[in-house]
Amino acid sequence: MIASHLLAYFFTELNHDQAQKIDKYLYHMRLSEETLQEVSQRFGKEMEKGLGADTNPTAAVKMLPTFVRSTPDGTEDGDFLALDLGGTNFRVLRVKVSDNGLQKVEMENQIYAIPEELMRGSGVQLFDHIAECLANFMEKLKIKDKKLPLGFTFSFPCHQTKLDESILVTWTKGFKCSSVEGKDVVSLLRKSIKKRGDFDIDIVAVVNDTVGTMMTCGYDDHNCEVGLIVGTGTNACYMEEMRHIDLVEGDEGRMCINMEWGAFGDDGVLNDIRTEFDREIDMGSLNPGKQLFEKMISGMYMGELVRLILVKMAKEGLLFGGKLTPDLLTTGHFETRFVSAIEKEKEGLQKAHEILTKLGLEPSHEDCIATHRICQIVSTRSANLCGATLAAVLRRIKENKGVDRLRSTVGVDGSVYKKHPHFARRLHKTVRKLLPDCEIRFVRSEDGSGKGAAMVTAVAYRLAAQHKARQKILEALKLSHEQLLEVKQRMKIEMEKGLGKETHAEATVKMLPTYVCSTPDGTEKGDFLALDLGGTNFRVLLVRVRNGMRRGVEMHNKIYSIPVEIMQGTGEELFDHIVHCISDFLEYMGMKGVSLPLGFTFSFPCQQNNLDEGILLKWTKGFKATGCEGEDVVNLLKEAIHRREEFDLDVVAVVNDTVGTMMTCGYEDPYCEVGLIVGTGSNACYMEEMRNVELVEGEEGRMCVNMEWGAFGDNGCLDDIRTEFDLAVDELSLNPGKQRFEKMISGMYLGEIVRNILMDFTKRGLLFRGRISERLKTRGIFETKFLSQIESDCLALLQVRSILQHLGLESTCDDSIIVKEVCTVVARRAAQLCGAGMAAVVDKIRENRGLDFLKVTVGVDGTLYKLHPHFSTVMHETVKQLSPKCEVTFLQSEDGSGKGAALITAVACRIREAGQR
């Protein structure tokens, strides 16, 4: 017993000593973790170079765009053909993809040989042969009468310009067909098929086998965004953000990049870790100085590296008793599959003995152990280097996505990865070591070059069909120039109705007289109070207006809240509360007992019979105070002041916030005669000739008309441009059938329109893989501010992603692009409709005055106008196109409802004083 233990111990020690000797000898091939980190960093820099327009021409790692913009989402469906040409054989496949809740793929294929003489003949002969085989295959399956989409895997270096266009750069792998290099291989194949005339196919995509690998795995695992091949050769591809790909137009979304990473190091960046054996292999290869990284890793060279090490050690008398054989000295005689065999757990040493014996050697036990260790060092270095570059790719994806932890999947193919007993495990371990903060899955691909090509085609087909379906739905929201002109004409007609005495009662656009008859002329001066009531907050302001040299406006204000019980109590309680707030403010300003002229911004529907008289028609915005509707709000305010018996105020004007906006801008710009608000709601006002305002006596001068244009269309005149989504939003609103124009353009509703479109797309399976989250079903959950954020998003759609996440939606990059497009279409239509309304207004002013050309300024306020990145631009363009005879300037107003009310009061006081004089 003891003897056998001693023997075993002796052998272990011997093995250990022998292994240590080899470790010392091959010290340069054993890479530390620091070295691997360094290689990974260098590769990251090389990727950058390949992606940059200026650096690409000299970059070793070419980073070729593939025009594959999306990975499978599992809803692909249909019947596809695939061609796979990458060596002396080529295959034709038929791939059926079905999605009926159970994703499944059925395949049939046939292998055809390419005779030696065709590989060296003319290009025409080669493609005629391929077309012949394709015809034969379709004949056999009885599908010659169908026009099927086809994906073409063409595994040679190509320069791709479109998904279905690929220019061959150079032949490799023994092919030398004349007049193909520099030509598009798809055109050549199409020509050969057309010449036959017995079948027709739709060549959709040319694919590199690495991309095929990623796509095949992507069908089963939607997180798959990297493809890796480690076989005879090595390469990788991954999904890169379009904004980083200088060689292709466009910034949105992603595209698969075929890295061609075998050439890493061709510019010398790996010289410090290449060994004498790597240099020797390179010198004896068909392409010296090229594909240096591949020569350190891939199956084509691994066995040869081991052979060169064995030869050198034998020459130095360290192995085989210094004896060499002709077999061992022959290039290529130590095959890579021998490396796999020797490294097997149990029979490895025995295999080593067999293999070395076949090479004519008489190996000792120590020789076998040494050979085993050499194989181990060579294949481990290969796996480690591969892991280092792969880690750089994954790190880049992680940074692109801006996440703390990346969860991603790598699809892998190739004989070394699949057949070597330890390669895969070592590769995974290296990636984990270099990227501890990522969860990476590795999935073995089955038939990337055949099924993968069909998958790329299936995805391209799905995207095209979905795009078409979405465009058809969005078409209804895109308005032509003619339609916008029509909207402008109708607005003009509705304005006339609202102004006319006979037609006013049934008019939807009410065109209310405001009794504001003049805009500021700059001579206004004095101290004025302003009240601003239009929501749950209430403001009191002191506005000091100066003229002459020190012309300007100085403001002080204080905000008070209005409790719900007061909003919904009695009118007396509400107005007593308001007067209490005014009293507090005067004390705060140290002005108790002063009597000042006051302007009252009261943003509720009123009928004005005078500048200082406004009859409340109906409460909105959650107010329900009793005893106010049908009453004059100025009287209610005056009564409350009297009840308090503390101060007296001169209420000069009741103002609507739109008019306030016009007046505020009018103080800065004498041409300002129009006010516009596009915020939560929307409205406009403008200076109309008194002779046209039939509801008010008098023909002289002008008066500002508060249009209340939100109700445009309530009589059905816009029904032809309202979509199913507008109807849905209107039906579920608080006031169905009312304010239809406002519901198409204002902030309160745009998010809701977008939400309805997204729901519709999802139900049709055109978005979010057909899965609707509970939150998306909630009314009002898609806020209008999201539209502004999404459209100002240049951050690789990261904003869109986080908003969709907040809505409980798992979104892909494609989904984000679609959501952004929907937001753009909805906001653009809103801005155009608003512009059409505005064009009607400025044209009316021009025609009123009998001018060929009008120069006018519009004062604008509102969150949508101010915060949305494109709304104002689109609106301005629309006005310009629809009213070419007007030069319209838009001026943003600051605080129309506060400062505006004071300015109206100031103008009224100026006119009153002039009258008294």
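Check the entry above for the structure.
Quick notes on the rules
Residues numbered from 1 in each chain as written. Predicted model: local features only at pLDDT ≥ 70, side-chain atom pairs only at ≥ 80, totals over all residues. Heavy atoms only, no water. Salt bridge = Lys/Arg side-chain N within 4 Å of Asp/Glu carboxyl O. Helix = DSSP H or I, 4+ residues; strand = E, 2+ residues; numbered from the N terminus. Buried < 20%, exposed > 50% of the residue type's maximum accessible area, 1.4 Å probe, protein only. Pairing = 2+ DSSP bridges. Axes fitted to C-alpha atoms, helices over the stretch in contact; angles between N-to-C directions. Lys, Arg positive; Asp, Glu negative; His and termini not counted. Contact = heavy atoms within 4.5 Å. Core = buried A, V, L, I, M, F, W, Y, C linked by side-chain atoms within 4.5 Å.

**Q** Outline the pattern of salt bridges, listing residues and values.
**A** This structure, assessed with the given rule, holds 73 salt bridges. Among the ionic pairs, Asp-272 bridges to Arg-42, the shortest N-O distance being 2.7 Å. Within this pair, whereas Asp-272 is found in the loop between strand S11 (254-258) and helix H7 (276-283), its partner Arg-42 is found in helix H2 (residues 33-51), the two being separated by 230 residues in sequence. Given a relative accessible area of 54%, Asp-272 falls into the exposed group. A salt bridge links Glu-774 to Lys-777; the nearest nitrogen and oxygen atoms lie 3.0 Å apart. The class for Glu-774 is exposed, based on a relative accessible area of 57%. The class for Lys-777 is partly exposed, based on a relative accessible area of 44%. Taken together, the shared-partner salt bridges in this structure form one network comprising Glu-132, Glu-139, Lys-144, Arg-196 and Asp-198.

**Q** Please give an account of unusual backbone geometry that cites residues and values.
**A** Phi at Gln-291 takes a positive value of approximately 55°, unusual for a residue other than glycine. Within the secondary structure layout, Gln-291 lies in the loop between H7 and helix H8 (292-297).

**Q** Tell me about the sheet that holds strand S21 (residues 650-655), and name the residues and values.
**A** The strand order S17-S16-S15-S18-S21 describes an open sheet built from five strands, whose pairing is mixed. Every other strand in the sheet has two partners, leaving strand S17 (552-561) and S21 as the edge strands with one partner each. The mean angle between the axes of side-by-side strands here comes to 20°, regardless of whether they run parallel or antiparallel. In the sheet, strand S15 (residues 526-533) pairs with strand S16 (residues 537-546) via eight bridges, with the strands oriented antiparallel.

**Q** Please provide a residue-by-residue account of the sheet that holds S11, values included.
**A** With respect to topology, six strands assemble into an open sheet ordered S1-S11-S10-S9-S12-S13, the strand pairing being mixed. Both edges of this open sheet fall to strand S1 (64-65) and strand S13 (438-444), since each of them pairs with a single strand only.

**Q** Could you give an account of the side chain of Lys-451, naming the residues involved and the relevant values?
**A** Tracing the chain through its elements places Lys-451 in helix H15 (residues 451-475). Buried and unpaired, Lys-451 has no salt bridge, with Asp-220 as the nearest side chain of opposite charge at 4.6 Å. Not counting the four nearest positions on each side in its chain, Lys-451 is found in contact with Leu-93, Val-105, Met-107, Thr-216 and Glu-446.

**Q** Just give me the short version of the nonpolar core, but keep the residues and values in it.
**A** Across soluble globular proteins, you tend to see nonpolar side chains buried next to one another. With 114 residues, the main nonpolar core has Leu-676, Tyr-686, Met-707 and Trp-709 as its most contacted residues. Here this core takes 18 residues from helix H26 (residues 813-848), the largest share from any one element.

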